[in-house]
Amino acid sequence: MRLVLFGPPGCGKGTQAVFIKNKFNLPHLSTGDILRAAVQKKTKIGKQAKEIMESGRLVSDEIVVGIVKERLEHSDCRNGFIFDGFPRTLDQAISLDSEKKKKKELIDRVIEIQVDKEEILKRIIGRFSCYSCSANYHETLNPVKIIGICDFCGESKFTKRDDDNEKTVRLRFETYYKDTEPLIPFYEKKGIMSKVNGMKKISDVSKNIEEILN
Ligand code: AMP
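Attention here is on the structure that accompanies the text. In this text the structure is predicted, and so the values were computed from the model without any measurement.

**Re the sheet that holds strand β7 (residues 158-159)**
On the basis of which strands lie adjacent, the open sheet formed by three strands has the order β6-β5-β7 and antiparallel pairing. Each of the sheet's edge strands pairs with one partner strand only, and the pair in question is β6 (136-138) and β7. Pairing analysis gives three bridges linking strand β5 (residues 127-130) to β6, with the strands arranged antiparallel. Following the sheet pairing, Arg 127 is matched in β6 by His 138.

**Here we look at the sheet that holds strand β2 (residues 28-30)**
If you trace the five strands from one edge of the open sheet to the other, you get β2-β3-β1-β4-β8, paired in parallel fashion. Since the sheet does not close on itself, it has two edges, and those belong to β2 and β8 (193-197), each with one partner. For this sheet, the mean angle separating the axes of adjacent strands, direction not counted, is 25°. Where strand β4 (residues 109-114) meets β8, five bridges bridge the pair, whose relative direction is parallel. Among the inter-strand pairings, Gln 114 is bridged to a residue of β8, identified as Asn 197. In this fold helix α8 (residues 183-190) packs onto β1 (2-6), β4 and β8, with an angle of close to 120° to the strand it touches most, β8. Sitting on the sheet, helix α9 (residues 202-213) is in contact with β1, β4 and β8, with an inclination near 155° to β8.

**A short note on the layout of surface pockets**
What the second largest pocket holds in volume is close to 280 Å³. Only α1 (13-24), β6 and α9 provide two or more residues apiece to the lining of the second largest pocket. Broken down by element, the lining of the second largest pocket gets its largest block of residues, four residues, from α1.

Cut-offs and rules
- Residues numbered from 1 in each chain as written.
- Predicted model: local features only at pLDDT ≥ 70, side-chain atom pairs only at ≥ 80, totals over all residues.
- Heavy atoms only, no water.
- Pairing = 2+ DSSP bridges.
- Helix = DSSP H or I, 4+ residues; strand = E, 2+ residues; numbered from the N terminus.
- Axes fitted to C-alpha atoms, helices over the stretch in contact; angles between N-to-C directions.
- Contact = heavy atoms within 4.5 Å.
- 1 Å grid on protein atoms, 1.4 Å probe; cavity = no way out; pocket = protein on both sides within 12 Å on 5 of 7 lines; lining within 4 Å.
- Points joined across faces, edges and corners; volume = space filled by probe spheres on them.

Shown next, in the form of structure tokens:
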């Protein structure tokens, strides 16, 4: 199962990726998480990406495709993976075509999570995630069950993203509509696109995704 979770920033890709990862035992490949780790470690890529990420623009295709191709070499990706936040441009998607095995597409299914823009803004402002396992939460919409403790791994440290402020989120939307949305017809033509209504409760969205994957 080689999946792409698709949709605008804050639509719930990260949350649903954690659900799929636990349910189907697949690695969660979030280019955003990989880049944020590089920024934190102050690696060469991290230094190049920091300012771009803070401004809501996209890191270069060359850097991101390099990261992804390297990650796909790891043995845990042999039986499948979940892409979260990748591909984000047509060139990134086309670069995956060079990874085709015996003319078989690298990607089996793309799931678009559809959510209204204003709802997304509410969701992003107030979200935070687990420092250890990256599980996503929201102060009011999806709080932890026990205050200060991650539901999944028990960690007590949480982080908030630097780019989760209203100004940057609006720029991230613009980037999404300009560079990423054109991928929808690209995958529709390949006949591998499914859509779920992301306005529903998290557990109902998960249920819809599970039905598609089964
Ligand atoms: P995300 O966590 O997926 O929202 O990504 C956070 C930021 O990382 C984005 O706003 C981009 O600056 C950068 N980024 C993540 N994935 C990609 C990608 N596939 N292509 C280019 N930039 C990316």
